Amino acid sequence: MSAPSHPRSHPAATGGVDIRLPWWAVVLPAIAFVTLLLLILNPADGHAAAGDPALAHVLGRAKDLLLP
């Protein structure tokens, strides 16, 4: 004789995944995307920072020392 089977107390999952994101997980990447898109469309607005000549000199010396 087989043992009596018990019915399941909760129905089986339907297979759907329920993932909830916080609001900033959608908004912040969208803002970053729009900002980068605007920089690509109008590159004249993106200005290079004025570099310190002393820093460029130090970096050039470090490059000369490290690379033969």
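Going by the structure above, here's the rest.
Since we're looking at a predicted model, the values are computed, not measured.

Conventions and cut-offs
Residues numbered from 1 in each chain as written. Predicted model: local features only at pLDDT ≥ 70, side-chain atom pairs only at ≥ 80, totals over all residues. Heavy atoms only, no water. Helix = DSSP H or I, 4+ residues; strand = E, 2+ residues; numbered from the N terminus. Areas by Shrake-Rupley, 256 points an atom, 1.4 Å probe, with all protein chains shown as cover. Patch = residues over 30% accessible without salt bridge, like charges linked within 9 Å, V, L, I, M, F, W, Y side chains within 5 Å. Salt bridge = Lys/Arg side-chain N within 4 Å of Asp/Glu carboxyl O. Expected span 1.5 Å × (residues − 1). Buried < 20%, exposed > 50% of the residue type's maximum accessible area, 1.4 Å probe, protein only.

> I tried to follow the overall build of the chain on my own but got confused; where do I start?
When helices and strands are counted, the chain shows 2 helices and 0 strands. By element, 69% of the accessible surface of the chain is carried by carbon and sulfur atoms, the whole surface being about 7,100 Å².

> Would you take a moment to explain a nonpolar patch on the surface for this structure?
On the surface, a nonpolar cluster with roughly 1,000 Å² of combined accessible area is contributed by Val 17, Ile 19, Leu 21, Trp 23, Trp 24, Val 26, Val 27, Leu 28 and Ile 31. Within the element layout of this structure, Val 26 appears in helix H1 (residues 24-41).

> Teacher, can you tell me more about helix H2 (residues 53-66) here?
In an α-helix, one full turn covers 3.6 residues, which means residues spaced three or four apart are oriented alike. Taking 1.5 Å of rise per residue, 14 residues should cover 20 Å, and H2 covers 20 Å from first to last C-alpha, within 8% of that figure. Sparse coverage of H2 is indicated by the burial of 0 of its 14 residues.

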